[in-house]
Amino acid sequence: MIPRRAFGAVLAALVGLVVLAGPAAAHTELESSSPAEGASLTTAPTEVKLTFGEPVTLPPEALKVTGRDGTAWTVGTPSVTGAVVTAPVTAAGPAQAYTLTWKVIAKDGDNLTGTVHFTLAAAPATTAAPTTASTVAAQAQAPAPAAVDTGIPGWIWAVVAIAGLLAVIVVGLRQLMGRRKD
């Protein structure tokens, strides 16, 4: 009968941990983009737009557009309005596949990165000379606002839950072993 009581106590404690545990912190995801993933464009965009599931902030050099041959587009200073990131771009290079690489800081403070692939079916109409990735990196950009940590990271909740679970198991086992000695 004693093992059943100990098992019941441990089970009740586990149920309590699950019920009272805080919500898991999930990272935001890219919900949409312009240009869209896999899009084939007949004209080069003058702006890129990324929409996330929750507000984000930007680290330095948050956006870049590069072609398959290494040609880099000029990306202006991005702006953030809640969950939407926009930046002016000046296309350079031939018709080819391009990759928009983005970096953002999620609401929980974690750095997230991703890519959007699209194809430019015709060379840009501008007469601007193509730039290399190193030239774009060397251009001065205004610093982005620093990230503000607005909550407790998810990994802390996980550590607390695991520690609580282990404590309940240890207490339950000690009680069980102590009663067997009697």
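Shown above is the structure to which this text applies.
Not measured: the values here are computed from a predicted model.

Definitions and limits used
- Residues numbered from 1 in each chain as written.
- Predicted model: local features only at pLDDT ≥ 70, side-chain atom pairs only at ≥ 80, totals over all residues.
- Heavy atoms only, no water.
- Helix = DSSP H or I, 4+ residues; strand = E, 2+ residues; numbered from the N terminus.
- Contact = heavy atoms within 4.5 Å.
- Pairing = 2+ DSSP bridges.
- Phe/Tyr/Trp six-rings, centres within 6.5 Å; stacked < 30°, edge-to-face > 60°.
- Buried < 20%, exposed > 50% of the residue type's maximum accessible area, 1.4 Å probe, protein only.
- Polar contact = N/O pair within 3.5 Å; in protein donor to acceptor, adjacent residues only side chain to side chain.
- Core = buried A, V, L, I, M, F, W, Y, C linked by side-chain atoms within 4.5 Å.

Q: Hey, could you go over the overall build of the chain for me, with residue numbers and the actual values?
A: For the chain, the helix and strand inventory stands at three helices and 11 strands. Counting from the amino terminus, helix and strand elements in the chain follow one another as α-β-β-β-β-β-β-β-β-β-β-β-α-α. A fraction of 68% describes how many contacts in the chain between residues 6 or more apart in sequence connect residues 24 or more apart.

Q: Which residues make up the pairing of strand β8 (residues 84–90), and what values go with them?
A: In terms of strand pairing, strand β3 (residues 47–52) meets β8 through five bridges, oriented antiparallel. Bridged to Thr51 within β8 is Val84. Pairing geometry for strand β6 (residues 74–75) and β8, over two bridges, is antiparallel. If you follow Val75 over to β8, its bridge partner there is Val89.

Q: Describe in detail the packing of aromatic side chains, supporting the description with residues and values.
A: Following the criterion strictly, the structure yields four aromatic pairs and no others. Ring geometry for Trp73 and Tyr98: centres 4.9 Å apart, planes at 50°, overall tilted. Of this pair, Trp73 sits in the loop between β5 (71–72) and β6 while Tyr98 sits in strand β9 (residues 96–105); the two residues are 25 residues apart in sequence, bridging distant segments of the chain. Each of the two residues, Trp73 as well as Tyr98, counts as buried. Plain terms: the ring middles of Trp73 and Phe118 are 5.8 Å apart, the flat faces sit at 70° to each other, and that makes the pair edge-to-face. In this pair, Trp73 sits in the loop between β5 and β6 while Phe118 sits in strand β10 (residues 111–120), placing the two residues 45 residues apart along the sequence. The same class applies to Trp73 as to Phe118, namely buried. One aromatic cluster in this structure is built from Trp73, Tyr98 and Phe118.

Q: Could you give an account of the side chain of Ser33, naming the residues involved and the relevant values?
A: Along the polypeptide, Ser33 turns up in strand β1 (residues 30–34). A polar atom in the side chain of Ser33 sits 2.8 Å from the backbone oxygen of Pro35. The contacts of Ser33, once residues within four sequence positions are left out, are Lys49, Leu50 and Val116.

Q: Break down the nonpolar core for me, with residues and values.
A: Leu50, Phe52, Leu63, Trp73, Leu100, Trp102 and Phe118 are the most contacted members of the largest nonpolar core, which totals 27 residues. Where this core is concerned, the elements lending two or more residues are β2 (39–41), β3, β4 (63–67), β8, β9 and β10. Every residue in contact with Trp102, bar those within four places of it in the chain, is listed here: Leu30, Leu50, Phe52, Ala62, Leu63, Leu112, Thr113, Gly114, Thr115 and Val116.

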